[in-house]
Amino acid sequence: MVSRKKLLILAGDHVGPEIIQEAIKVLGVVAELRPDIKIDIEHGLIGGSSLDAHGVPISDQTLENAASSHAVLLGCVGGPEWEGVPGHLRPEMGVLKLRKRLDAFANIRPCRFFAPSLIDRSTLKPEIVAGVDFTVVRENCGGAYFGAKDEREDIGSDLWVYEKAEIERCARVSAALAMQLSDCGKKRVVWNADKANVLASSRIWRRITHETFSREFPELKLKDQLADSMAMLLVKSPTKFNGIIHTDNTFGDILSDISGGIIGSLGVLPSASISSVPGQGPCKGVYEAVHGSAPDISGKGIANPVGQILSLALLLKYSFGMAEEAVRLEKAVQIVLDSSDHQGLGIRTPDLGGSASTKEVGDAICAVYRAGFS
Ligand SMILES: NC(=O)C1=CN([C@@H]2O[C@H](COP(=O)(O)OP(=O)(O)OC[C@H]3O[C@@H](n4cnc5c(N)ncnc54)[C@H](O)[C@@H]3O)[C@@H](O)[C@H]2O)C=CC1
Ligand SMILES: CC(C)CC(=O)C(=O)O
Ligand SMILES: [Mg+2]
């Protein structure tokens with residue numbers, strides 16, 4: 001029997017369409033090898049391209065289309081051409097509205113060397129970054145990004161609020177991922193990052209996180225680190241945080257971009273924003289690279305498609321129940337990045353020191369995935 005999956009693809013702005021194109025090619029190969037699964041793809045607009053076409057960063061129809069899909073594969077939005085538009089119409093609001101509409105409350109952002117040879121690309125010394133392997137679990141539908149705003153000529157404010165239920169459900173996702181760590185021989189440590197020394201929203205965050213863990217996951221080790229000193233320590237000794245970093249929306253956004261510095265390029269990092277605790281059946285989600293629309297390199301055909309393609313792997317795993325394909329795709333990415341092209345480097349885009357184009361990297365991943373490996 002054929003199982004049908006509905007996928008909405010929102011390419012977005014600048015490098016968004018360039019990297020999404022490669023992910024679509026890869027998905028085509030994945031689907032070709034699984035004729036028992038039929039993926040129905042629809043496309044829509046988000047960000048500046050939606051603003052230009054419809055006057056809003058995401059239309060109600062696109063939001064409803066997203067809600068009726070099994071998953072959304074999202075490129076990235078924004079750019080200097082939309083800098084002057086009012087706050088509520090900014091391209092980035094399209095992404096926030098999408099996350100909210102799907103209630104995609106947990107943003108999972110893994111940080112590790114997806115190919116061993118990438119270690120030399122880190123801005124940090126190899127002995128400092130070797131073995132780094134943590135996942136940021138960022139609360140994705142609350143906090144300062146979603147609080148009431150007041151924006152006038154002489155004043156601007158964002159309300160930074162957290163309620164008990166929002167913290168509990170995010171803690172359950174962090175815990176579920178930590179429980180899986182022991183299955184692959186890793187330490188089951190969860191680091192809670194907040195600013196409980198200053199912010200009331202962080203004090204409730206810390207208290208509810210501890211209560212949830214001690215009530216529901218007493219076997220897990222939970223440690224606290226203030227988010228500012230964590231940022232410093234992530235650069236000084238990133239492996240200290242191997243395991244899960246459980247944190248709120250704002251801190252998670254910042255700490256996960258530091259991951260890009262650790263790994264050497266934001267272009268390789270994927271993310272999954274999911275709407276239920278993983279491991280309890282397929283969940284709906286939004287899958288996008290960690291980076292933004294990179295206007296400084298768009299239109300040149302050199303954007304790294306790996307973060308987007310690894311986000312597709314997360315989509316296969318969490319929303320399509322295709323865990324084996326996800327593993328195969330991650331392995332294909334690793335082989336391509338580690339392989340040698342004519343310059344002795346892997347088939348990599350310039351952000352990783354290579355000379356390959358976006359398309360060449362996508363083509364190579366498709367070829368390796370299709371060929372398989374033992
Ligand atoms: N989810 C989304 O759609 C997000 C959108 N943005 C938006 O993106 C726009 C640009 O923001 P920036 O601060 O410049 O951050 P950015 O993440 O777009 O770029 C930061 C740096 O990383 C590089 N980079 C990013 N992705 C890359 C890739 N795939 N391959 C190679 N290099 C890559 C860029 O060239 C740039 O030097 C802004 O409008 C921002 O609001 C930012 C973050 C997330
Ligand atoms: C809506 C996005 C622009 C916020 C962001 O930077 C992110 O989610 O990584
Ligand atoms: Mg960000």
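Please refer to the structure higher up on the page.
Residues numbered from 1 in each chain as written. Chains lettered and ligands numbered in written order. Predicted model: local features only at pLDDT ≥ 70, side-chain atom pairs only at ≥ 80, totals over all residues. Heavy atoms only, no water.

Along the backbone of the protein there are twelve helices and twelve strands. Compactness check: the protein gives a C-alpha radius of gyration of 20 Å against a globular reference of 21 Å for 374 residues, within 12% of the reference. Counting only C-alpha atoms, the protein reaches 55 × 50 × 45 Å along its principal axes. For the protein, with 374 residues in total, the buried portion stands at 53%. Counting contacts in the protein only where the partners sit at least 6 residues apart, residues at least 24 apart contribute 76% of the total. For the protein, the accessible area works out to roughly 15,400 Å², and carbon and sulfur atoms hold 55% of it. Side-chain charges in the protein split into 41 positive and 46 negative, and the spacing between the mean points of these groups amounts to 6 Å. (Helix = DSSP H or I, 4+ residues; strand = E, 2+ residues; numbered from the N terminus. Rg over C-alpha atoms; globule rule 2.2 N^0.38 Å. Buried < 20%, exposed > 50% of the residue type's maximum accessible area, 1.4 Å probe, protein only. Contact = heavy atoms within 4.5 Å. Areas by Shrake-Rupley, 256 points an atom, 1.4 Å probe, with all protein chains shown as cover. Lys, Arg positive; Asp, Glu negative; His and termini not counted. Charge placed at Lys NZ, Arg CZ, Asp CG, Glu CD.)

This brings us to the packing of helix 1 (residues 15-32) against helix 10 (residues 306-318). Geometry of a packed helix pair, given as the angle between the helix axes and the separation of the axes. Put simply, helix 1 and helix 10 touch, their axes get as near as 9 Å, and they point 45 degrees apart. In terms of orientation, helix 1 and helix 10 fall into the oblique class. In this structure, the crossing between helix 1 and helix 10 has a hand that is right-handed. Together, Ile19, Ile20, Glu22, Ala23, Val26, Leu27 and Val30 of helix 1 and Gln308, Ile309, Leu312 and Leu316 of helix 10 make up the contact between the two elements. Of the residues that constitute the contact of helix 1 with helix 10, the class distribution is nine nonpolar, one polar and one charged. (Axes fitted to C-alpha atoms, helices over the stretch in contact; angles between N-to-C directions. Parallel < 35°, antiparallel > 145°, perpendicular 65-115°, else oblique. Left-handed = near helix turned anticlockwise from the far one by under 90°. Nonpolar A, V, L, I, M, F, W, Y, C, P; charged D, E, K, R; others polar.)

Let us look at the site of ligand 2. Near ligand 2, the surroundings consist of Glu92, Leu96, Arg99, Arg109, Arg138, Asp253 and Val290. The side chain of Arg99 places a nitrogen or oxygen atom 2.8 Å from an oxygen atom of ligand 2. The contact in question runs from an oxygen atom of ligand 2 to an N or O atom on the side chain of Asp253, over 3.0 Å. Top element by residues in the shell around ligand 2 is helix 4 (residues 91-101). It accounts for three residues. (Near = heavy atom within 4 Å. Polar contact = N/O pair within 3.5 Å; in protein donor to acceptor, adjacent residues only side chain to side chain.)

Moving on: the site of ligand 1. Around ligand 1, the surrounding shell holds 18 residues, and the nearest of these are Val77, Glu92, Gly292, Ala294 and Asp296. A distance of 2.8 Å is found between an oxygen atom of ligand 1 and a backbone nitrogen or oxygen belonging to Val77. Take Asn304: an N or O atom from its main chain is 2.9 Å from a nitrogen atom of ligand 1. Of the residues belonging to the shell around ligand 1, the class tally is seven nonpolar, seven polar and four charged.

Looking now at the packing of aromatic side chains. Scanning the entire structure with this criterion turns up four aromatic pairs. Note on Trp160 and Phe251: the rings are 5.4 Å apart at their centroids and 45 degrees apart in plane angle, and the pair reads as tilted. Highlighted residues: Trp160 in the loop between strand 7 (156-158) and helix 6 (164-183) and Phe251 in helix 9 (residues 249-263), separated in sequence by 91 residues. When the ring of Trp191 is compared with that of Phe241, the centres are 4.8 Å apart and the planes differ by 75 degrees; the resulting orientation is edge-to-face. Remark: Phe241 occurs in the loop between helix 8 (227-236) and strand 10 (243-247) and Trp191 occurs in strand 8 (residues 189-194); sequence separation between them is 50 residues. Accessibility classification places Trp191 together with Phe241 in one group, the buried group. Against the face of Phe146 rests Lys100, its NZ or CZ located 4.9 Å from the ring centre. Seen from the ring of Tyr369, Arg328 lies directly overhead, with NZ or CZ sitting 4.6 Å from the centre. (Phe/Tyr/Trp six-rings, centres within 6.5 Å; stacked < 30°, edge-to-face > 60°. Lys NZ or Arg CZ within 6 Å of the ring centre and 35° of its normal.)

A word on the environment of Leu7. Within the secondary structure, Leu7 sits in strand 1 (residues 3-12). What makes Leu7 buried here is its relative accessible area of 0%. Taking the C-alpha atoms as reference points, Leu7 and Ser69, separated by 62 residues in sequence, lie 5.6 Å from one another. Contacts of Leu7, omitting those with residues within four sequence positions, involve Leu27, Ile39, Asp40, Ile41, Glu42, Ser69, Ala71, Val72, Leu73, Leu315 and Phe320.

A few words on the state of the cysteines. Summed over all chains, the structure comprises zero disulfides. In this structure Cys76 is not part of a disulfide, and its nearest cysteine sulfur, from Cys366, lies 19 Å away. (Disulfide = S-S within 2.5 Å.)

What follows deals with the pattern of salt bridges. Under the definition given, this model contains 25 salt bridges. Glu168 serves as the salt-bridge partner of Arg215, at 3.4 Å between the closest nitrogen and oxygen. With a gap of 47 residues between them, Arg215 in helix 7 (residues 200-216) and Glu168 in helix 6 connect regions that are remote in the sequence. With relative accessibility at 47%, the residue Arg215 sits in the partly exposed group. The class of Glu168 is buried, set by a relative accessible area of 14%. Residue Arg172 pairs with Glu216 through a salt bridge whose shortest N-O separation is 2.8 Å. Taken together, the residues Arg172 in helix 6 and Glu216 in helix 7 connect sequence positions 44 residues apart. (Salt bridge = Lys/Arg side-chain N within 4 Å of Asp/Glu carboxyl O.)

This brings us to the environment of Ser256. Mapped onto the elements, Ser256 comes out in helix 9. Each C-alpha atom, one on Ser256 and one on Ile245, is 9.7 Å from the other, the two residues being eleven residues apart in sequence. In this view, Ser256 contacts Arg109, Val136, Leu269 and Val290; residues no more than four positions away in its chain are not counted.

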